[in-house]
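Chain and residue survey
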Amino acid sequence: MNKKRKVIRIMENVIEIKNVSKSFGKNDAYNQVLKETNISITKGEFVSLMGPSGSGKSTLLYLIGGLDRDYTGDIELAGKNISKMKERELSNYRLNKIGFVFQFYNLVMNLNVEDNLMLPQVMKGKTRKELQEKVTEILELVGLTEKRKAMPNTLSGGQQQRVAIARALLGEPEIIIADEPTGNLDAKSTEEIMELFVRINQMKKVTILQVTHSVDVANYGQRIVRLENGKAVG
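The structure contained in this document is the topic of the report that follows. (Residues numbered from 1 in each chain as written. Predicted model: local features only at pLDDT ≥ 70, side-chain atom pairs only at ≥ 80, totals over all residues. Heavy atoms only, no water.)

Re the side chain of Asn-116
Looking at the element boundaries, Asn-116 is found in helix H3 (residues 113-123). Given a relative accessible area of 2%, Asn-116 falls into the buried group. Of the polar contacts made by the side chain of Asn-116, one reaches the backbone nitrogen of Val-108; its length is 2.7 Å. In this view, Asn-116 contacts Leu-107, Val-108, Leu-111, Pro-152, Val-163 and Arg-167; residues no more than four positions away in its chain are not counted. (Helix = DSSP H or I, 4+ residues; strand = E, 2+ residues; numbered from the N terminus. Buried < 20%, exposed > 50% of the residue type's maximum accessible area, 1.4 Å probe, protein only. Polar contact = N/O pair within 3.5 Å; in protein donor to acceptor, adjacent residues only side chain to side chain. Contact = heavy atoms within 4.5 Å.)

Thoughts on empty space enclosed by the protein
For the structure on display, the rule yields 1 cavity of 30 Å³ or more. Taken as a whole, the largest cavity encloses approximately 40 Å³ of empty space. If you go around the largest cavity, the residues you meet are Ile-15, Ile-17, Ile-39, Ile-41, Val-47, Leu-49, Leu-60, Ile-64, Leu-209 and Val-225. Listed by contribution, the elements that provide at least two residues to the lining of the largest cavity are strand E1 (13-24), strand E2 (31-42), strand E3 (46-50) and helix H1 (57-64). Class assignment of the residues belonging to the lining of the largest cavity gives a composition of 10 nonpolar, no polar and no charged. (1 Å grid on protein atoms, 1.4 Å probe; cavity = no way out; pocket = protein on both sides within 12 Å on 5 of 7 lines; lining within 4 Å. Points joined across faces, edges and corners; volume = space filled by probe spheres on them. Nonpolar A, V, L, I, M, F, W, Y, C, P; charged D, E, K, R; others polar.)

Observations concerning the packing of aromatic side chains
Overall, the coordinates contain 3 aromatic pairs when judged by the stated rule. Ring centres of Phe-100 and Phe-102 lie 5.9 Å apart, and the angle between their planes is 0°; on these two criteria the pair is classed as stacked. Note on Phe-102: relative accessible area 24%, which makes it partly exposed. The structure contains a cluster of three or more aromatic residues connected by ring pairs, namely Tyr-62, Phe-100 and Phe-102. (Phe/Tyr/Trp six-rings, centres within 6.5 Å; stacked < 30°, edge-to-face > 60°.)

Notes on the sheet that holds strand E5 (residues 80-81)
If you trace the 4 strands from one edge of the open sheet to the other, you get E2-E1-E4-E5, paired in antiparallel fashion. Taken across any chain shown, the strands that pair with only one partner, and hence form the sheet edges, are E2 and E5. Note that E1 and E2 share 8 bridges and pair antiparallel. When the bridges of E2 are listed, Ile-15 appears paired with Ile-41. Along the sheet, H1 contacts E1, E2 and strand E4 (72-77); its crossing angle with E1, the most-contacted strand, is approximately 120°. (Pairing = 2+ DSSP bridges. Axes fitted to C-alpha atoms, helices over the stretch in contact; angles between N-to-C directions.)

Describing the sheet that holds strand E9 (residues 223-228)
The strand order E6-E7-E8-E3-E9-E10 describes an open sheet built from 6 strands, whose pairing is mixed. For this open sheet the edge positions go to strand E6 (98-102) and strand E10 (231-233), each flanked by a neighbour on one side alone. For this sheet, the mean inter-axis angle between neighbouring strands, taken without regard to orientation, is 20°. Two strands pair when backbone bridges link them, and E6 and strand E7 (residues 175-179) are joined in this way by 5 bridges, in the parallel orientation. Bridging from a neighbouring strand, Phe-102 pairs with Asp-179 of E7. Here helix H2 (residues 87-97) sits on the sheet in contact with E6 and E7, set at roughly 75° to E6. Its contacts with the sheet put helix H6 (residues 187-204) on E3, E6, E7 and strand E8 (207-211), and the angle it makes with E3 is roughly 135°.

By themselves, these observations are geometric and do not establish any function.
Spelled out as C-alpha cells, the structure:
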C-alpha cells in the first residue's frame, strides 16, 4: 500500500520590509510617517496597500522602489537588501527587477507606442531587433496590437496606461510597483486595467504591489495591507 507523501511548499518572500521608519522635516515641522513598519509579500502575490491621506502609502512605495533612500530599517527585494546597495548597484537592480506604473503614464509623447515600450530596454543596451518578438507578445497581452505605431496623444487614458504597463512588463520584472494606477481613469477603464493586472499576475506570476485609495480597486488584489499610524496592518 502506497503512502502519500506530504508536500511542503515554502513560500518565498520577494518583498521584506523590516522595521522601516521614515520622517520628514525637523522640530515643529517634524512628521514621522512610517514607524518601524513591517510587511512581507510572497512571490507571485498581488497586494493592495491602503490608508488615509498622508499615511505614507506612496512614500513606502518609493522606498521599496529605491527612489528614496532616506530611511531607517531594511528593505529586501528578491533576497537582496537594497538598503545596503551602492547607488549604481541599486540603479541596475531596479532596472532589472522592478517595473513601475504610475498614476500619470509618463509616456514620451513624440514616440509611438512601440518606441515607448522599447526605450528603457534600448537604454539598457538591448537592440530593437531582439525586442521585436517580445513587444509583439506583450502588446497582444495588453490588447494594443493594432496600436503599435500609434502616437500617445491619439490614445485614451486607459490605452495610455496599458502602454505604461506593457513598458514595465517588457523588462521582465519580478515585481511591479503601481502607484494609484487607475487614479486618472473612468470606471470602465479602471475595471479593464485592474482585470489586466489580475491577468498579468496569474499568467506571468509577477508580484504586484499597488497603492490605491479605492476599496473597489484594492479588492482586485489577493490581500489588503493598511497603513495606520505609521504601521502596517494586514
